[in-house]
Amino acid sequence: VKCSFKAIPFKSSLSFEYLIKEIKKIASQVEHPMKTQAKTILKKIANIPELENEITALTIIDKHKSLVKHLMAFVMNPMDDNTVLSSVNAPFYPKSFHCTNLFANTFGGESRNIELAKDLDQDNMFLAIIYQAFLIIMTRFYSFDFDASIPFIFKLTEANNSEKYYKMLINSDYADVKVHGKLKKLSKQGLKSLFNRSDDLDYWNEQIPLHKFEFKGFLHFTYIDVTHEYVVSQLKSDLLNKNTIITQDGFDRIQDKVRTLIGVPDLQFGLATFSEFDSILNKQVIWKSIIPQSELKCGEYVGTLYEKAYRSKDIVLTDDLRKLKKNKAINLFLARGIQSHAVVPLVLDKEIVGMMEFGAKKPGQLNMFQIKRLHELYPVFAVALQRSKEELTNRIRAIIQKE
């Protein structure tokens, strides 16, 4: 993203002015369900003028914490305190001055890290602020009717390295945007040009100079968990690349995403492709199982969970490997600390082209609901395995012909 800004180029200030105006409207409506609460809060605010003016320090918020909480009840339903991820911030200020319990419990704490999901070399959060400022200005001054949300997904990393992804929705109804000086008019073609150059914020600033604008009020944010949708989309993109599975870096990326979808941060993941079950150790071209190929001979697969899944063409889930009759495969799993396991046959055109497996350290840590979170991806994995196998086969043939 081309962006020459080193600091936020516009003025921003916290104010309850526009919320108070809305509360006054509520107090004047005969049948509004919050009329009584509106009148009560207005009487209290009348004695505290510093809440009606521009708030220059968050210490003022702390000083009137209880009253601010009642004010925010007109923005955020108190009944949603433990069910909705929501916060209110001074315009483009990173720290919220009020939030739901769920937001505080989810995003709070030093052990958690939130960042933009897409890796960029620049300051991700700073870019998000600049984008959001432009989008709000577009809706206010250029009558551009669209969802003015930051076009990024946020990634939350827990202390145990588990990941969650969130889409952020913004409500700017309680913020005002003022322009100082003359505003440049933009034609339909000019607006189109902006969005065609969405990665050039310097060009945007030439057309809409941010230093001319001032934001006053506060912004209301709501976060929606889109972990499943986002990770599935990313996995599909990874699997479109025929080299992803056959490289260690690519396989590691897939494993990390599978761990997120299954919900087990230290999950062990395996993937293998073959033509016929009886020849898997002789003719395989991709073999990234949990148990290395060198530790399990061909004949030792007979009677195992793998053969059962192959014969049935169905998922085989084991809650506790310790309770099964021991064989070499079971012993190797237990030696690696794996106590629950699932193996999934990957079928393409009614033929098994490979298998996928999951291993977890605790008994019962895997269940069928978790395994089926990837249900829509099994055909994609099957196609990816087949394509990767063909790619490797072609490479081998080319080497043979050359030599």
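Definitions and limits used
Residues numbered from 1 in each chain as written. Predicted model: local features only at pLDDT ≥ 70, side-chain atom pairs only at ≥ 80, totals over all residues. Heavy atoms only, no water. Helix = DSSP H or I, 4+ residues; strand = E, 2+ residues; numbered from the N terminus. Rg over C-alpha atoms; globule rule 2.2 N^0.38 Å. Buried < 20%, exposed > 50% of the residue type's maximum accessible area, 1.4 Å probe, protein only. Contact = heavy atoms within 4.5 Å. Areas by Shrake-Rupley, 256 points an atom, 1.4 Å probe, with all protein chains shown as cover. Phe/Tyr/Trp six-rings, centres within 6.5 Å; stacked < 30°, edge-to-face > 60°. Lys NZ or Arg CZ within 6 Å of the ring centre and 35° of its normal. Axes fitted to C-alpha atoms, helices over the stretch in contact; angles between N-to-C directions. Parallel < 35°, antiparallel > 145°, perpendicular 65-115°, else oblique. Left-handed = near helix turned anticlockwise from the far one by under 90°. Nonpolar A, V, L, I, M, F, W, Y, C, P; charged D, E, K, R; others polar. Pairing = 2+ DSSP bridges. Expected span 1.5 Å × (residues − 1). pLDDT = per-residue confidence, 0-100. Lys, Arg positive; Asp, Glu negative; His and termini not counted. Salt bridge = Lys/Arg side-chain N within 4 Å of Asp/Glu carboxyl O. Core = buried A, V, L, I, M, F, W, Y, C linked by side-chain atoms within 4.5 Å.

Further remarks concern the overall build of the protein chain. A tally of regular secondary structure across the protein chain gives 15 helices and 14 strands. Over its C-alpha atoms the protein chain spans a radius of gyration of 28 Å, topping by over 25% the 22 Å that the globule rule assigns to 403 residues. When its C-alpha atoms are laid out on the principal axes, the protein chain stretches across 85 × 50 × 35 Å. A total of 403 residues make up the protein chain; the buried ones form 47% of that total. Restricting to contacts in the protein chain with at least 6 residues of sequence separation, those with at least 24 account for 65%. Summed over its atoms, the accessible surface of the protein chain is roughly 21,500 Å², and 50% of this surface lies on carbon and sulfur atoms.

This part is about the packing of aromatic side chains. Under the counting rule described, the total for this entry stands at 21 aromatic pairs. Residues phenylalanine 251 and phenylalanine 269 carry aromatic rings whose centres are separated by 5.6 Å and whose planes lie at 25° to one another, so their mutual orientation is stacked. You can see phenylalanine 251 sitting in helix H10 (residues 248-262) and its partner phenylalanine 269 sitting in strand S10 (residues 268-273), a full 18 residues away along the chain. When sorted by exposure, phenylalanine 251 lands in the same class as phenylalanine 269, which is buried. Here arginine 197 stacks its cationic end above the ring of tyrosine 203, 3.8 Å away from the centre of that ring. Here lysine 288 stacks its cationic end above the ring of phenylalanine 251, 5.4 Å away from the centre of that ring.

Two elements in contact, helix H9 (residues 227-240) and helix H15 (residues 378-402), have axes whose closest approach is 9 Å; the angle formed by their N-to-C orientations is 20°. By the criterion of interaxial angle, the relationship of H9 to H15 is roughly parallel. Every pair of crossing elements has a handedness; the one defined by H9 and H15 is left-handed. Taken together, the residues of H15 that come into contact with H9 (itself represented by Leu235, Leu239 and Leu240) are Val380, Phe381, Ala384 and Arg387. For the contact of H9 with H15, a count of residues per class yields six nonpolar, no polar and one charged.

One open sheet holds the three strands; their spatial order is S1-S8-S7, and the pairing between them is mixed. Single-partner strands in this sheet number two, and they are strand S1 (11-14) and strand S7 (175-179). Taken over all neighbouring pairs, the strand axes of this sheet differ in orientation by 15° on average, direction set aside.

Moving on, we get to H9. Each full turn of the α-helix corresponds to 3.6 residues, which orients residues three or four apart in the same direction. Look at H9: 20 Å from first C-alpha to last across 14 residues, which is about the 20 Å you get at 1.5 Å a residue. For H9, the complete set of buried residues consists of Thr227, Tyr230, Val231, Val232, Leu235, Asp238 and Leu239. Buried residues in H9 make contact with strand S5 (153-157), strand S6 (163-171), strand S9 (219-225), H10 and H15.

Should pLDDT be low for a region, the predicted coordinates there are not to be read in detail. This prediction gives the protein chain a mean pLDDT of 86; 91% of its residues lie at or above 70. Per-element mean pLDDT across the protein chain ranges from 42 in helix H11 (residues 280-283) up to 95 in strand S12 (residues 316-318). Counting contacts from residues 276-284, a segment whose pLDDT is below 50, to residues more than four positions away or on other chains yields 19 contacts.

Moving on, we come to the side chain of aspartate 202. Residue placement: aspartate 202 occurs in helix H8 (residues 201-207). Within the buried core, aspartate 202 has no salt-bridge partner, and the shortest N-O distance to an opposite charge, that of lysine 2, equals 4.8 Å. Excluding residues that lie within four positions of it along the chain, aspartate 202 makes contacts with Lys2, Cys3 and Ser4.

So, on to the pattern of salt bridges. The tally for this structure, following the rule as stated, stands at 16 salt bridges. As a salt-bridge pair, lysine 25 and glutamate 22 come within 3.4 Å of each other at their nearest N and O atoms. One end of the pair, lysine 25, and the other, glutamate 22, are both in helix H1 (residues 17-28), three residues apart, so they sit about a helical turn from each other. Under the relative-accessibility criterion, glutamate 22 is labelled partly exposed at 35%.

A few words now on the environment of aspartate 173. Examined against the element boundaries, aspartate 173 turns out to sit in the loop between S6 and S7. Residues aspartate 173 and leucine 19, 154 residues apart in the sequence, show an inter-C-alpha distance of 8.6 Å.

The subject of this paragraph is the pairing of S5. In terms of residue burial, S5 counts as a mostly covered element, since four of its five residues are buried. Note that S5 and S6 share five bridges and pair antiparallel. Bridged to isoleucine 153 within S6 is lysine 167. Between S5 and S6, which pair antiparallel one after the other, the connecting turn spans five residues, and asparagine 161 there sits at a positive phi close to 75°.

Most peptide bonds take the trans form, and the phi angle of most residues other than glycine is negative. Residues other than glycine seldom take positive phi values, yet phenylalanine 92 does so here, at roughly 65°. For phenylalanine 92, the location among the structural elements is in the loop between strand S2 (85-89) and strand S3 (96-99). On the basis of relative accessible area, phenylalanine 92 is assigned to the buried category, the value being 9%. Here the phi dihedral of aspartate 349 falls at roughly 55°; this positive angle occurs in a residue that is not glycine.

With that settled, the discussion passes to the nonpolar core. One finds Ile208 and Phe215 to be the most contacted residues of the largest nonpolar core, which totals 40 residues. It is helix H6 (residues 124-141) that provides the largest number of residues to this core, a total of eleven residues. With residues near it in sequence (within four places) discarded, isoleucine 208 still touches Phe134, Ile137, Met138, Tyr142, Leu186, Leu194 and Phe213. One finds Val231, Leu271, Leu366 and Tyr378 within the second-largest nonpolar core, a separate group that totals 34 residues.

Right, let's get into the environment of valine 353. Within the secondary structure, valine 353 is located in strand S14 (residues 351-360). Between the C-alpha atom of valine 353 and that of lysine 65, which follows or precedes it by 288 residues, the distance is 62 Å.

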